[in-house]
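Overview (structure and organization)
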Amino acid sequence: MTRARSVLIVGGGSAGNTLAILLSNSGIAVDLVESRPDWGALGSGILLHGNALRVLRDAGVWPQIHAAGFGFDSIGILAPDGTVIAEQPDLHSGGPELPSTLGILRPALQQTLIDAVHAGGTRVRLGCTVQKLDDHGDGVEAVFSDGTAGRYDLVVGCDGIYSATRESIGVVERPEPTGMGVWRTLVPRPAELVRTDLAYGGPCYIAGYSPMSDDVAYALLVVDWHERDEADPADYAERMRAESAVYGGLWPRIREHITDPAAVHYTAFHRLLVEGPWHRGRIALAGDAVHACPPTLAQGVAMSLEDTAVLAELLTSRDVWDDALLTEYRDRRIPRVRTVVDGSMQLAQWLKEGNRQAAPALIASILTALTERP
Ligand SMILES: Cc1cc2nc3c(=O)[nH]c(=O)nc-3n(C[C@H](O)[C@H](O)[C@H](O)COP(=O)(O)OP(=O)(O)OC[C@H]3O[C@@H](n4cnc5c(N)ncnc54)[C@H](O)[C@@H]3O)c2cc1C
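Because the structure is predicted, anything quoted here is derived from the model rather than measured.

Bringing the sheet that holds strand 6 (residues 84-89) into the picture now. Taken together, the eight strands give an open sheet; going across it, the order is 6-5-14-15-16-13-17-20, and neighbouring strands pair in mixed fashion. Both edges of this open sheet fall to strand 6 and strand 20 (291-292), since each of them pairs with a single strand only. Direction of pairing for strand 13 (residues 176-188) relative to strand 17 (residues 264-273): antiparallel, over a ladder of seven bridges. By the bridge assignment for strand 17, Gly-181 is matched with Ala-268.

Next comes the structure, spelled out in structure tokens:
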């Protein structure tokens, strides 16, 4: 194989956008196709741990992320009535100079990455998908839904948990529902809400809230997930108010703002870990396309961004892009990703069993391990 120079990225979520930024920063020509015409981010807020922030800093967007989000260094554990049981300092998994955790609105994260993708010169096609990939060994021919075509040295599928790229290269693993899900919405931030506060117990597994910016907070309820509850989104605000009714603390004030059903999201948690190769020939996968888990550790974006950091490091430091490089990429990532997927599933299981004693030690040991660079 000769040194590859051009990369097609399929999917412009946090993984695809960050990979585009990292590669174009190193002079590699990047094309990105995103199926959503508006390239926006769905959902409400997101929590990013230090190890995610470290990749965003390396990609050059930390000042914007810092300005848009709300950083903090501890977590509050509450009783369902809102009484603070403990305030735990959180680990700085991205190093001491970055916050332990940063809450940020998903659209703000997405817009920051979009701006940097454009600034790096990536050629972007929106409302576009890949119709066909032909791997010729020395390059991949791609045919797009807009009728155009291109040839690339490497294709990376960052097209999320239902990845069509994964399907097209014959990876057989599929996301499996965990039986849990979450009600989420955004509300005005009460001034005293300056860190994540989580209440365990009561009718929900977790009832929590986090700051996302100076003005906005994120409220969530982790519950058993039932398909039938998806049935009528017109009821979502009412359902979320009802599910949260017994919780104290800031919940009475938060509940007053849960009025618009369209602003409430009800989402199932899935598990996915592709154990075999993360590539076939010159087509590789990253992010939720190869791994996903309940956000009990809030590490989904971090793992996706770390994939792109490792892949970009290998692609920009090696003259030859070959099977060995892509195998090394997967081999470097899988132990760390497995730790997070297994740990997240264990935490979800403990929630189901009502076991709250073991969680802090497991969370601390995983975040400590993640402090090492990937
Ligand atoms: C309820 C919930 C809460 C979560 N909370 C957190 C949290 O607090 N912290 C955290 O770190 N993680 C969290 N996660 C996980 C996190 O959202 C994901 O890990 C992360 O978004 C994965 O990024 P990605 O870029 O791999 O995939 P995605 O964000 O799914 O991006 C994939 C992109 O590909 C595009 N696409 C899809 N198909 C195609 C196609 N065929 N062609 C072109 N484009 C395509 C999509 O439109 C999308 O833009 C949560 C997940 C859930 C479900």
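Let us now look at unusual backbone geometry. Apart from glycine, the bulk of residues carry a negative phi angle, and the bulk of peptide bonds sit in the trans form. Of note in the backbone geometry, Trp-39 takes a positive phi value of approximately 55 degrees without being a glycine. Mapped onto the elements of the fold, Trp-39 is located in the loop between strand 2 (29-34) and strand 3 (45-49). The class of Trp-39 is buried, set by a relative accessible area of 3%. Phi at Ala-298 is positive, roughly 50 degrees, even though this residue is not glycine.

With that settled, consider the packing of aromatic side chains. With the rule as written, the count across this model stands at eight aromatic pairs. With a centroid separation of 6.1 Å and 15 degrees between ring planes, the pair formed by Trp-225 and Tyr-266 is classed as stacked. Taken together, the residues Trp-225 in the loop between strand 16 (216-224) and helix 6 (236-243) and Tyr-266 in strand 17 connect sequence positions 41 residues apart. Exposure remark for Tyr-266: the relative accessible area of 7% places this residue in the buried category. Ring geometry for Trp-278 versus Tyr-329: centroids 5.6 Å apart, planes at 75 degrees, classification edge-to-face. Pair noted here: Trp-278 is in the loop between strand 17 and strand 18 (279-280) and Tyr-329 is in helix 9 (residues 323-353), with a separation of 51 residues, a long-range link. One exposure class covers both Trp-278 and Tyr-329, and it is buried. Aromatic rings pair up to connect Trp-183, Trp-225, Tyr-236 and Tyr-266 into one cluster. Across the ring face of Phe-144, the terminal group of Arg-125 is positioned such that the distance to the ring centre comes to 4.1 Å.

Below, the discussion takes up the packing of helix 8 (residues 300-317) against helix 9. Contact geometry for helix 8 and helix 9: axes closest at 10 Å, N-to-C directions at 155 degrees. Comparing their axes, helix 9 and helix 8 come out roughly antiparallel. By crossing handedness, the relation of helix 8 to helix 9 is classed as right-handed. Judged by residue contacts, Met-303, Glu-306, Asp-307, Val-310, Leu-311, Glu-313, Leu-314 and Leu-315 of helix 8 engage Leu-325, Leu-326, Glu-328, Tyr-329, Arg-332, Arg-333, Arg-336, Val-337 and Val-340 from helix 9. Classifying every residue of the contact of helix 8 with helix 9 by side-chain character gives 10 nonpolar, no polar and seven charged.

By secondary structure assignment, the location of Asp-31 is in strand 2. On the basis of relative accessible area, Asp-31 is assigned to the buried category, the value being 9%. Among the polar contacts made by the side chain of Asp-31, one reaches the side chain of Arg-123 at a distance of 2.6 Å. In contact with Asp-31, not counting residues within four places along its chain, are Val-7, Leu-8, Ile-9, Thr-122, Arg-123, Arg-125 and Tyr-152.

A few words on the sheet that holds strand 11 (residues 149-152). Across the sheet, three strands lie side by side as 9-10-11; this open sheet has antiparallel pairing. Two strands in the sheet have a free side with no partner beyond their single neighbour: strand 9 (130-135) and strand 11. For this sheet, the mean inter-axis angle between neighbouring strands, taken without regard to orientation, is 20 degrees. Across four bridges, the pairing between strand 10 (residues 140-144) and strand 11 is antiparallel.

How each quantity is defined
Residues numbered from 1 in each chain as written. Predicted model: local features only at pLDDT ≥ 70, side-chain atom pairs only at ≥ 80, totals over all residues. Heavy atoms only, no water. Pairing = 2+ DSSP bridges. Helix = DSSP H or I, 4+ residues; strand = E, 2+ residues; numbered from the N terminus. Buried < 20%, exposed > 50% of the residue type's maximum accessible area, 1.4 Å probe, protein only. Phe/Tyr/Trp six-rings, centres within 6.5 Å; stacked < 30°, edge-to-face > 60°. Lys NZ or Arg CZ within 6 Å of the ring centre and 35° of its normal. Axes fitted to C-alpha atoms, helices over the stretch in contact; angles between N-to-C directions. Parallel < 35°, antiparallel > 145°, perpendicular 65-115°, else oblique. Left-handed = near helix turned anticlockwise from the far one by under 90°. Contact = heavy atoms within 4.5 Å. Nonpolar A, V, L, I, M, F, W, Y, C, P; charged D, E, K, R; others polar. Polar contact = N/O pair within 3.5 Å; in protein donor to acceptor, adjacent residues only side chain to side chain.

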